[in-house]
Amino acid sequence: MTLLKFRLVFLLSSLFILCQTQLNAQTYAKNGMVVSSDESSSEVGVDILKKGGNAIDAAVATAFSLAVTHPSAGNIGGGGFIVFMNSEGETTTIDFREKAPLAATNDMYLNEQGKLIDGINHHSAKAIGVPGTVAGLYLAHKNYGKLPWKTVVQPAVDQAKNGFVFNWYLYRAAQYFTREGNDNTFMNGYFRNEKGAIPEPGELWMQNELAETLTLIRDKGRDGFYKGKTAKKIANFMKKNGGIITKKDLAKYEAIEREPIKGSYKGYDIYSMPPPSSGGVALVEMMNLMELADFETIEFNSADHLHLVAEAMRRAFADRAEHLGDPDFNLNIPLEKLTSKAFAQKRFQEINMAKASISDSSRFGRLYDGESTTHLSTMDKEGNAVSLTYTLEYSYGSQMGSKELGFIFNNEMGDFNPQPGITKSNGQIGTAPNLVAPEKRMLSSMTPTIVGKKGKPFLVIGSPGGRTIINTVFQTVLNVLEFKMPIDKAIEALKIHHQWLPDQIVYEKLLLSPDTRKLLEAKGHTLKERFNMGALMGITYDAEKGIFVGASDSSQPDSGAIGY
Ligand code: DON
């Protein structure tokens, strides 16, 4: 009930903000670009570029900064993914997804009768996964950064210690968490100034405890978080609050460099995140399907276009539920098959342009969605590119944290299938590849992506939005590659979402014409409206002219595309 209300408040507040905001226009630059959900964090990234840092340095600095300025999703208590392409077109990824603790079991969320205990996998200390962000940023910097580690972490320490401007987004969250009757004392006390009051919009907000935690990371690197004082405090917090993460879990956590998922679309190369994210596989599968469509006759935003897109989504999400999970625990994921052109041919033949297919709901139930994640894209003047998405899962994650550490823990364990073998229409699936196991990574939808053109980065893109991430990224990539939209238009254009089950198209209410909606219904689709989907942060790069164009989604009024 509380969470529902919270979602409602955020929906209303984002609407309120939307009404006041103009579209965030494109930014042009010749030396580099940083796009993130907070303008002051994008500035941090650009300052790093100006100091001679590369795209990785800028991404790491921006990510640490967002942990200070954008705490609903920016984090050191969560996890995520990086896709990196250097100026020569060489690509890699860093997986810093949270892991299940050593003491986790596949029945840890069930009662003695084998029933799922309501909400426990989302709203308790047992929902917290072993955080991966600090290890991931550290590994990315160690392998590919240029400036000293301390230089890239310092700006976040400064923002936490000396304060940054408290914005309306934070102010409205603070109002929510301090409402009468809220019994979450950690969140109630979270947005406070030195006098113990909620900061006013425009006031500098200082976070001393977070500054100390970040200082240890600055001085000791990865070990400043996973060992020593911070690890001890995290483990104590877990013990006191019914969590199961121990010092050993923290000491053992490693980020992993993995081969990207590769695909292509009419001469462009697509690089995205492999499992434990489902994003890359689904994106490539859907782009392969689009390559078979006749866009000479199918116009943008026509019922046929949206039908085709929805049918591609339906199929990619069915394959996702069936096959995908942590690759270190699922050794036979058919990645090559799912991303092959031959498989797309077969799938394409199943699509009837006149009639919606039916999702077979006897096999799996509706899938659960999270509330807040954030994406950032960076490029430097050499043409290196970083696409980074990270998350706490829900908005403000578990809404649990230790005051003395000053940061919020994720509730990412909720991304596992909670009850083995049990799949229901109420939002729960129980398929094997994504069941809880000690040290396993939960399946994600985050889709940080880089598209290459003639061996150089061309488009850097990603978004928050739970399962909608895959689809908003997919449509934005299609908008740029097929419909030749500039990046800001591609981001702002209508997005729809189909995730196989429930069998419906969710659409952005103000952007779909009622006439088209009726045509889609006539094909057999069920439609459901929503105001907004995604918060895309993108860059396009013209390697021949050396020009960067950045744009951030107008659904994030405090975001910023800053170049220099
Ligand atoms: O990893 C995932 O797919 C989810 N935990 C992401 C949650 C999310 O994007 C919520 N965002 N708005």
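From a predicted model like this one, the values you see are computed outputs, not experimental measurements.

Trainee: Go over helix 3 (residues 55-69) with me, naming the residues and quoting the values.
Mentor: In this model helix 3 runs 20 Å from its N-terminal to its C-terminal C-alpha over 15 residues, within 8% of the 21 Å that 1.5 Å per residue would give. At the N-terminal boundary of helix 3, the capping side chain belongs to Asn-54, with an oxygen 3.1 Å from the backbone nitrogen of Ile-56.

Trainee: Quick one: what's the story with the side chain of Asp-326, residue by residue and with numbers?
Mentor: Summarising the element assignment, Asp-326 is placed in the loop between helix 13 (303-323) and helix 14 (335-338). As a buried residue without a salt bridge, Asp-326 has its nearest oppositely charged side chain in Arg-258, at a separation of 4.3 Å. Beyond its immediate stretch of four places on either side in the chain, Asp-326 contacts Arg-258, Pro-276, Pro-433, Glu-439, Lys-440 and Arg-441.

Trainee: Quick rundown of the nonpolar core? Include the residues and the values.
Mentor: Membership of the largest hydrophobic core comes to 82 residues, with the highest contact counts inside it found for Met-287, Met-290, Phe-295, Leu-481 and Ile-496. Per-element accounting of this core gives the leading share, 11 residues, to helix 13. Discounting chain neighbours no more than four positions away, the residues touching Met-287 are Tyr-265, Ile-270, Phe-474, Val-477, Leu-478 and Leu-481. The next biggest cluster of nonpolar side chains, apart from the first, holds 72 residues, and it includes Val-60, Ala-67, Phe-166 and Phe-237.

Trainee: Kindly report on the sheet that holds strand 21 (residues 560-563), identifying the contributing residues and their values.
Mentor: Pairing within the open sheet is antiparallel, and its seven strands lie in the order 7-4-3-11-10-2-21. Only two strands of the sheet have a single partner each, and these edge strands are strand 7 (256-258) and strand 21. Taken over all neighbouring pairs, the strand axes of this sheet differ in orientation by 15° on average, direction set aside. Summarising the sheet, strand 3 (residues 79-85) and strand 11 (residues 385-393) pair through seven bridges and their orientation is antiparallel. Within strand 11, the position partnered with Ile-82 by the bridge is Leu-388. Across the sheet, helix 4 (residues 133-144) lies against strand 3, strand 4 (91-96), strand 7 and strand 11, angled at about 155° from strand 4, the strand it touches most.

Trainee: Go over empty space enclosed by the protein, please, and point to the residues and values.
Mentor: Throughout the structure, instances matching the rule amount to four cavities of 30 Å³ or more. Its boundaries defined by the atoms lining it, the largest cavity holds a volume of some 50 Å³. Lining the largest cavity are Ala-67, Pro-71, Gly-74, Asn-75, Ile-76, Tyr-190, Leu-210, Leu-392, Gly-406, Phe-407 and Ile-408. Across the lining of the largest cavity, the residue classes tally to eight nonpolar, three polar and no charged.

Trainee: Kindly report on the site of the ligand, identifying the contributing residues and their values.
Mentor: In the region of the ligand, 16 residues are neighbours, and Thr-373, Glu-393, Glu-412, Asp-415 and Gly-466 sit closest. Take Thr-373: an N or O atom from its side chain is 2.3 Å from an oxygen atom of the ligand. Relative to its free-state accessible area of 340 Å², the ligand is covered by the protein chains to the extent of 95%. Broken down by secondary-structure element, the contributors of at least two residues to the shell around the ligand are strand 10 (372-380) and strand 11.

Trainee: Tell me about helix 5 (residues 149-162), and please be specific about residues and values.
Mentor: With 14 residues, helix 5 should cover 20 Å at 1.5 Å per step; its first-to-last C-alpha distance of 20 Å lies within 8% of that length. Of all the bends in helix 5, the largest measures some 25° and sits at Pro-155. Along helix 5, the residues that are buried comprise Trp-149, Val-152, Val-153, Pro-155, Ala-156, Val-157, Gln-159 and Ala-160. On the buried face of helix 5, the contacting elements are helix 2 (39-50), helix 3, helix 4, strand 5 (164-165), strand 6 (204-205) and helix 8 (208-220).

Trainee: Give a description of the pattern of salt bridges that names residues and reports values.
Mentor: Counted under the stated rule, the structure contains 27 salt bridges. Lys-266 is the salt-bridge partner of Glu-482, the closest N and O atoms lying 2.6 Å from each other. Of this pair, Glu-482 sits in the loop between helix 16 (468-481) and helix 17 (487-492) while Lys-266 is found in the loop between strand 8 (261-265) and strand 9 (268-272), placing the two residues 216 residues apart along the sequence. By relative accessible area, which is 17% here, Glu-482 ends up buried. You can call Lys-266 partly exposed: its relative accessible area is 42%. Across the salt bridge formed by Asp-319 and Arg-347, the nearest N and O atoms sit 2.7 Å from each other. Note that Asp-319 is positioned in helix 13 and Arg-347 in helix 15 (residues 341-349), a separation of 28 residues in sequence.

Trainee: Mind laying out the packing of aromatic side chains, listing which residues take part and the relevant values?
Mentor: According to the stated counting rule, one finds 24 aromatic pairs in the structure shown. On the numbers, 5.4 Å between centres and 40° between planes, the contact of Phe-191 with Trp-205 is tilted. On the criterion of sequence distance, the pair formed by Phe-191 in the loop between helix 7 (185-188) and strand 6 and Trp-205 in strand 6 is long-range, its members being 14 residues apart. When sorted by exposure, Phe-191 lands in the same class as Trp-205, which is buried. Relative to Phe-409, the ring of Phe-407 has its centre 5.2 Å away and its plane inclined at 70°; by these criteria the two rings are edge-to-face. Since its relative accessible area comes to 4%, Phe-407 is described here as buried. Joined through ring pairs, the aromatic side chains of Phe-164, Phe-166, Tyr-176, Phe-177, Phe-186, Tyr-190, Phe-191, Trp-205 and Tyr-396 make up one cluster. Directly above the aromatic system of Tyr-176 lies the positively charged group of Arg-179, at a separation of 4.0 Å from the ring centroid.

Trainee: How would you summarise the sheet that holds strand 8 if you had to cite specific residues and measurements?
Mentor: What the seven strands build is an open sheet, ordered 1-20-19-15-14-9-8; its pairing is antiparallel. Because the sheet does not close on itself, it has two edges, and the strands there are strand 1 (27-29) and strand 8. Neighbour-to-neighbour, the strand axes of this sheet turn through a mean angle of 25°, independent of strand direction. Where strand 14 (residues 449-453) and strand 15 (residues 456-461) come together, five bridges link them in antiparallel fashion. Each residue of the ladder has a partner; that of Gly-452, found in strand 15, is Pro-457. Seen against the sheet, helix 16 touches strand 8, strand 9, strand 14 and strand 15 and runs at an angle of roughly 135° to strand 15.

The rules behind these values
Residues numbered from 1 in each chain as written. Predicted model: local features only at pLDDT ≥ 70, side-chain atom pairs only at ≥ 80, totals over all residues. Heavy atoms only, no water. Helix = DSSP H or I, 4+ residues; strand = E, 2+ residues; numbered from the N terminus. Expected span 1.5 Å × (residues − 1). Polar contact = N/O pair within 3.5 Å; in protein donor to acceptor, adjacent residues only side chain to side chain. Buried < 20%, exposed > 50% of the residue type's maximum accessible area, 1.4 Å probe, protein only. Lys, Arg positive; Asp, Glu negative; His and termini not counted. Salt bridge = Lys/Arg side-chain N within 4 Å of Asp/Glu carboxyl O. Contact = heavy atoms within 4.5 Å. Core = buried A, V, L, I, M, F, W, Y, C linked by side-chain atoms within 4.5 Å. Pairing = 2+ DSSP bridges. Axes fitted to C-alpha atoms, helices over the stretch in contact; angles between N-to-C directions. 1 Å grid on protein atoms, 1.4 Å probe; cavity = no way out; pocket = protein on both sides within 12 Å on 5 of 7 lines; lining within 4 Å. Points joined across faces, edges and corners; volume = space filled by probe spheres on them. Nonpolar A, V, L, I, M, F, W, Y, C, P; charged D, E, K, R; others polar. Near = heavy atom within 4 Å. Areas by Shrake-Rupley, 256 points an atom, 1.4 Å probe, with all protein chains shown as cover. Bend = angle between axes of the 7 residues up to and from the residue. Phe/Tyr/Trp six-rings, centres within 6.5 Å; stacked < 30°, edge-to-face > 60°. Lys NZ or Arg CZ within 6 Å of the ring centre and 35° of its normal.

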